[in-house]
Amino acid sequence: MRKMSIGRAVRFCRWRNRYISDKIYLAIVAMLIGLVAGCAAHILKYLINWLAAIVRPAMHAGSLNFWLLILPVIGILLTGIYVRYILKINIYQGVPVLINELQQHPRSLPSKLMIAPIIANTLTLGMGGSAGPDNPIAYASAAIGSNLGRWFVIPRDYRTLFVACGAGSGIAGVFTAPVAGLLYVAEVVKYPVTRVAVILLAVCCLTSGIVAFMLAGMSFDVTFDYSGLPTWSLLAIGVLLGVCCGLYSYYYGFSKDKAEHYFGGMTNRWKANLLSGLTVGVMVMLFPVLFSMGYNTIIALINGHNETIGVDFPFYGGTLTPVMMILLGGGVLLLKGFANGATMSGGGVAGEFTPSLFAGAVTGFVFATTCQVCFGLEIPLPIFALMGMAGVMAGVIGAPLTAIFITIEMSGAYHYFLPVTLVAVVSIAVKKFLDSTEAKKGYILKL
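Reading guide: rules and limits
Residues numbered from 1 in each chain as written. Predicted model: local features only at pLDDT ≥ 70, side-chain atom pairs only at ≥ 80, totals over all residues. Heavy atoms only, no water. Core = buried A, V, L, I, M, F, W, Y, C linked by side-chain atoms within 4.5 Å. Buried < 20%, exposed > 50% of the residue type's maximum accessible area, 1.4 Å probe, protein only. Helix = DSSP H or I, 4+ residues; strand = E, 2+ residues; numbered from the N terminus. Contact = heavy atoms within 4.5 Å. Salt bridge = Lys/Arg side-chain N within 4 Å of Asp/Glu carboxyl O.

> I keep staring at the nonpolar core and nothing clicks. Help me out?
For soluble globular proteins, the rule of thumb is that nonpolar side chains tend to be buried together. Of all hydrophobic cores here, the largest spans 134 residues; its most connected members are F175, Y184, F384 and I406. The leading source of residues in this core is helix α15 (residues 381-397), at 13 residues. Residues in contact with F175, not counting those within four places in the same chain, are D134, Y295, F353, T354, L357, I406 and M410.

> Explain the pattern of salt bridges to me, please; I cannot follow it from the model alone.
Where charged atoms from two side chains of opposite charge come close, those side chains can pair. In the structure shown here, the tally under the stated rule is 4 salt bridges. One salt bridge connects K45 with D221, and the closest N-O pair in it is separated by 2.5 Å. On the criterion of sequence distance, the pair formed by K45 in helix α2 (residues 22-55) and D221 in the loop between α9 (195-215) and α10 (232-264) is long-range, its members being 176 residues apart. For K45, a relative accessible area of 8% gives the class buried. D435 is the partner of K431 in a salt bridge, and the nearest nitrogen-oxygen pair spans 2.9 Å. Placement of the pair is K431 and D435 together in helix α17 (residues 417-446), with a separation of 4 residues, close to one helical turn. Take K431: its relative accessible area is 13%, and that puts it in the buried class. Taking the relative accessible area as the measure of exposure, D435 reaches 31% and is therefore partly exposed. Sharing partners across several salt bridges, the network here consists of K256, E260 and E352.

> Could you clarify how one ought to interpret unusual backbone geometry in this entry?
Most peptide bonds take the trans form, and the phi angle of most residues other than glycine is negative. The backbone of K88 sits at a positive phi, close to 60°, despite the residue not being glycine. In this fold, K88 is placed in the loop between α3 (67-87) and α4 (95-104). Among the residues examined, K88 registers a relative accessible area of 63% and is labelled exposed. Phi is positive for D312, which is not a glycine, with a value near 60°. Among the structural elements, D312 can be located in the loop between α12 (295-301) and α13 (322-345). Of the residues examined, D312 reaches a relative accessible area of 18% and is grouped as buried.

Distances and angles like these do not, on their own, reveal function.
This is the structure in structure tokens:
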């Protein structure tokens, strides 16, 4: 049987070399990877929303719902069981680590990895885990790139490149952001970007983004309907927002690291699953907006629906004042990093891009509302929520270009490219300054 398959591969290669040039063939396979990855990204988002719609109970503001306490426990437990006893492959490592390993020790990824991260992420997020779909879809799409490269007899020199192309197309598809997918590979994965790599990445990511956009009904996941234009005063205040985003990014990373150190250090994974699930469940029960990805909250905040920050709040069911919205937003921001870290390190399979976008929208909203209440400034809340998304994401993941283009492409807010860029750059500058200060203090203490 193996001889027959090798014989077919040889005949196929001879036919291909005769009629299709190497460059065209690589581009065709790259387009196929983008096509499959775009479909996979759409399916993942659909499954998460479908499961969440089934299990999430009807909410009533002013009363606790203890079912929200149990759901994340069930989701993380089921994910842990699936990964440990059914899949039996570690899919918790990040895509940058995976691709770095493949560069040193080239190999093909098992074909079941094209589906496994999608199933695990659906269980985690559909049951209320407070995280995102980015790393799992990038992982699954990397496996798609690896296996399609193997099935279509791509030379071994290009196999790892196609894994990276798959990962980038996964990001492009899940956020409907082709440029961001390419930048993800360069900035986050840090894959060596040659001329051939750029071309193949562009083909993959563009195909994936277009396919995901078409499957979504030719609409953005995060609609931004605000029609105002940026002003000089907006840019000036945006610098202050960037500083706040950088400070919050530092806190977000600190709280996330604490959670990962605590739950990730547990040798008994059953205990880790239960405790992390309960931790996330308590947070979700107190602040229901922390449930799953938080896209609805992002959409609401960047379109001026301010009351969404307190939707289904269990301790108050009346009209929210601006001060109460600031306090509620502050409570969400205090817990979001820890919730994300607990979800990911306690046994859930998820990513941190979407949680940082969610936290950024809330940061921008809290900052703008505080300016209105304390200083009487008439500033547009939707724009600041949008800029905050890029600011916090840039600080959290350390990749400003990826954060900028994800924010702009997924919302279609291209006319706010300059203020979004300004906030992201200031935020990451502040975050790096704080990181370097902490590193210096650690070095001095060691001495």
